[in-house]
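# Structural overview
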Amino acid sequence: MNENLFASFITPMMFGLPLVTLIVLFPSLLFPTSNRLVNNRLISLQQWMLQLVSKQMMSIHNTKGQTWALMLMSLILFIGSTNLLGLLPHSFTPTTQLSMNLGMAIPLWAGAVITGFRNKTTASLAHFLPQGTPTPLIPMLVIIETISLFIQPVALAVRLTANITAGHLLIHLIGGATLALMSINTTTALITFIILILLTVLEFAVAMIQAYVFTLLVSLYLHDNT
Amino acid sequence: MDLDHASPLCGAGMESDCLLVRAHREAFALIEIMAGPEADAQFHFTGIKKYFNSYTLTGRMNCVLATYGSIALIVLYFKLRSKKTPAVKAT
C-alpha cells in the first residue's frame, strides 16, 4: 500500500530509457498551429482563448514588460495542459516533480529581478525598504525583505508541486478507499465515490488555477521590475 | 480609468458608496504616492536625512546599501579576528 501510494510520482522508464522528455513535449502536440488567415473552429477557439488570457495578463505591463507576453502565455499553456493531462488515470504529471518546477521558477524569477536591477537600479534597491519605515526598524526590515525576495522562487515551485501532488495523492487514497469499501458496505462506498467525483472536479479547477497563479506571480514579479 | 463605474458589483445609483470602488480608489491613490522620483520632490529633508531616509527613492536605496555594507563589515571583522587569534598552546 505504502509503495503504491508514491508509485505514480516515479519518473517513467521504458527499456531503461527515460520517457519524461516525451511526456514534457507531448502537450505541445495538442495545440495545433496554422498558417491560414481564417482558421478552423478548433484553432479559432484556441486563438480566442489565448487572446483573452494574454489581454488580461499583459494589460498591467508597459512596453518592456509586454516583450515577455510569449514567454508567459507559453508558461500558462504548458503548466495548465500538463496539470490537466495528469488527471488522466495512470498518467505521469511532470509538475509533481520539484526539480521541474524549480527549473521553471528560478530562471523566470531571476530574469525578472536581473532586468529590474539593470534598468531601474535605484528603484530595485529601494524596494528592499518599505516607504515610511521607522528608523530603528530599518536594518531588520531590509534583512526581512531580502529574505522574502529569495524565498519567492522557492515558494513558487513548492506551491505548484505541493498542490498537484496533494491532489493526486488524495484521489489515489479515496479511490482505494472506495474500492475497499465496496465489498464491506455499499452505501459507504457510494458516499466515498461521490466524494471522489467532487474531488476530481476540484482537481480540474486546481490544475487550471495553479497554472494561472504561477504565471500571474511571475507576471507580478516582472511588473515590479519593469 | 473611471473608478466610480468600474466595478460590476456596485448597484445602480450606489457607485459613490460602494466599498469595493472606494478600496480601489484608495489603493490607486497609495500607488500614486509611492510611485517614483516625481513623488520625491514633495519631501524636503536636510542634513543626513537628505541622504538616509525611508521616504525618497534615493534615501531608501542608501539605507539598504548601508545595511548591506554594515553586515559585510561585521562578517569581515569576525573573519579577520578569528585569523589573528592564535591557537591555544598545550601546557
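Residues numbered from 1 in each chain as written. Chains lettered and ligands numbered in written order. Predicted model: local features only at pLDDT ≥ 70, side-chain atom pairs only at ≥ 80, totals over all residues. Heavy atoms only, no water.

On to the overall build of chain A. When you go through chain A residue by residue, the secondary structure sums to nine helices and two strands. Counting from the amino terminus, chain A carries its helices and strands in the arrangement α-β-β-α-α-α-α-α-α-α-α. Relative to the 2.2 N^0.38 estimate, which gives 17 Å for 226 residues, the radius of gyration of chain A is 22 Å and therefore markedly larger than a compact globule would have. In terms of overall dimensions, chain A has a C-alpha envelope of 70 × 55 × 40 Å along the principal axes. The buried share of chain A, reckoned over its 226 residues, is 35%. In chain A, 70% of the contacts between residues at least 6 apart in sequence involve partners at least 24 apart. (Helix = DSSP H or I, 4+ residues; strand = E, 2+ residues; numbered from the N terminus. Rg over C-alpha atoms; globule rule 2.2 N^0.38 Å. Buried < 20%, exposed > 50% of the residue type's maximum accessible area, 1.4 Å probe, protein only. Contact = heavy atoms within 4.5 Å.)

Residues and elements named next belong to chain B. Residues at a pLDDT of 70 or more form 51% of chain B, whose mean pLDDT is 68. For the stretch residues 1–18, pLDDT sits under 50, and the model shows 18 contacts to residues farther than four places along the chain or on other chains. Counting contacts from residues 20–34, a segment whose pLDDT is below 50, to residues more than four positions away or on other chains yields 17 contacts. Two summary scores accompany this predicted model of the complex, namely pTM at 0.80 and ipTM at 0.74. (pLDDT = per-residue confidence, 0-100.)

The next point concerns the interface of chain A and chain B. The interface is formed by 17 residues belonging to chain A together with 16 residues belonging to chain B. When chain A packs against chain B, the two sides together hide about 1,400 Å² of surface, and 69% of this comes from carbon and sulfur. Secondary structure elements with two or more residues in the side of chain A that touches chain B: α7 (121–126) and α8 (138–182) of chain A. It is α8(A) that provides the largest number of residues to the side of chain A that touches chain B, a total of five residues. (Buried area = accessible area lost by both parts, 1.4 Å probe.)

The next point concerns helix α5 (residues 69–85) of chain A. A rise of 1.5 Å per residue sets the reference length of α5(A), with its 17 residues, at 24 Å; its end C-alpha atoms lie 24 Å apart and thus fit the reference within 8%. In this structure, the buried side of α5(A) is in contact with α3 (41–58), α6 (98–119), α8 and α9 (186–225) of chain A. (Expected span 1.5 Å × (residues − 1).)

Each aromatic ring pair is specified by the distance between its two centres and by the angle formed by the two planes. Applying the stated rule across the entire model yields five aromatic pairs over all chains. Ring geometry for Phe128(A) versus Tyr68(B): centroids 6.1 Å apart, planes at 75 degrees, classification edge-to-face. Residue Phe128(A) is located in the loop between α7 and α8, and its partner Tyr68(B) is located in helix α3 (residues 57–84); the two belong to separate chains. For Tyr68(B), a relative accessible area of 28% corresponds to the partly exposed category. (Phe/Tyr/Trp six-rings, centres within 6.5 Å; stacked < 30°, edge-to-face > 60°.)

With that out of the way, let us pick up the packing of α3(A) against α5(A). All names here are of chain A. Between α3 and α5, the least distance of the axes is 10 Å, while the angle of their chain directions is 120 degrees. Overall, the two elements α3 and α5 adopt an arrangement that is oblique. Where α3 crosses over α5, the two elements pack in a sense that is right-handed. From α3, Met-49, Leu-50, Val-53, Ser-54, Met-57 and Met-58 reach across to α5, where they touch Ala-69, Leu-72, Met-73, Ile-76 and Leu-77. (Axes fitted to C-alpha atoms, helices over the stretch in contact; angles between N-to-C directions. Parallel < 35°, antiparallel > 145°, perpendicular 65-115°, else oblique. Left-handed = near helix turned anticlockwise from the far one by under 90°.)

Residue and element names in this part refer to chain A. Relative orientation of the contacting elements α5 and α6 amounts to 165 degrees, with a least axis distance of 13 Å. With respect to α6, the element α5 is oriented roughly antiparallel. Two packed elements cross with a definite hand, and for α5 against α6 that hand is left-handed. In this structure, α5 contributes Met-71, Leu-75, Phe-78 and Ile-79 to the contact, and α6 contributes Met-100, Met-104 and Leu-108. Classifying every residue of the contact of α5 with α6 by side-chain character gives seven nonpolar, no polar and no charged. (Nonpolar A, V, L, I, M, F, W, Y, C, P; charged D, E, K, R; others polar.)

With that settled, the discussion passes to the UniProt feature "transmembrane region" (unreviewed entry) in chain A. Residue and element names in this part refer to chain A. In the numbering used here, UniProt assigns the feature "transmembrane region" (unreviewed entry) to residues 6–31, 67–86, 98–117, 137–158, 164–182 and 189–222. Secondary structure within residues 6–31 divides into 23% helix and 15% strand; the distance between the first and last C-alpha atoms comes to 30 Å. Structurally, residues 189–222 is divided into 100% helix and 0% strand, and its ends, taken at the C-alpha atoms, are 48 Å apart. (UniProt positions renumbered as here; feature names shortened; annotations may be inferred.)

With that settled, the discussion passes to α9(A). With 40 residues, α9(A) should reach 58 Å at 1.5 Å per residue; the first-to-last C-alpha distance of 58 Å fits that figure. Sitting at the amino-terminal end of α9(A) is Asn185(A), which places a side-chain oxygen 3.1 Å from the backbone nitrogen of Thr187(A). (Polar contact = N/O pair within 3.5 Å; in protein donor to acceptor, adjacent residues only side chain to side chain.)

Quick look at the side chain of His61(A) now. All names here are of chain A. Its location among the elements puts His-61 in the loop between α3 and α4 (63–66). Among the polar contacts listed, one links the side chain of His-61 to the side chain of Ser-219, at a separation of 2.8 Å. Those residues in contact with His-61 that sit more than four places away from it in its chain are Gln-66, Ser-219, Leu-222 and His-223.

Residues and elements named next belong to chain A. Turning to its location among the elements, Gln-210 is positioned in helix α9. Overall, Gln-210 belongs to the buried group, its relative accessible area being 9%. Sequence-distant contacts of Gln-210, that is, excluding residues within four places in its chain, are made with Asn-83, Arg-159, Leu-160 and Asn-163.

General note: in soluble globular proteins, nonpolar side chains tend to be found buried as a group. Leu75(A), Ile79(A), Met104(A), Leu156(A), Phe214(A) and Val218(A) are the most contacted members of the largest nonpolar core, which has 34 residues in total. Listing elements by their share of this core, those giving two or more residues are α3, α5, α6, α8 and α9 of chain A together with α3 of chain B. Not counting residues up to four positions away in its chain, the partners in contact with Val218(A) are Leu72(A), Leu75(A), Leu108(A) and Leu156(A). (Core = buried A, V, L, I, M, F, W, Y, C linked by side-chain atoms within 4.5 Å.)

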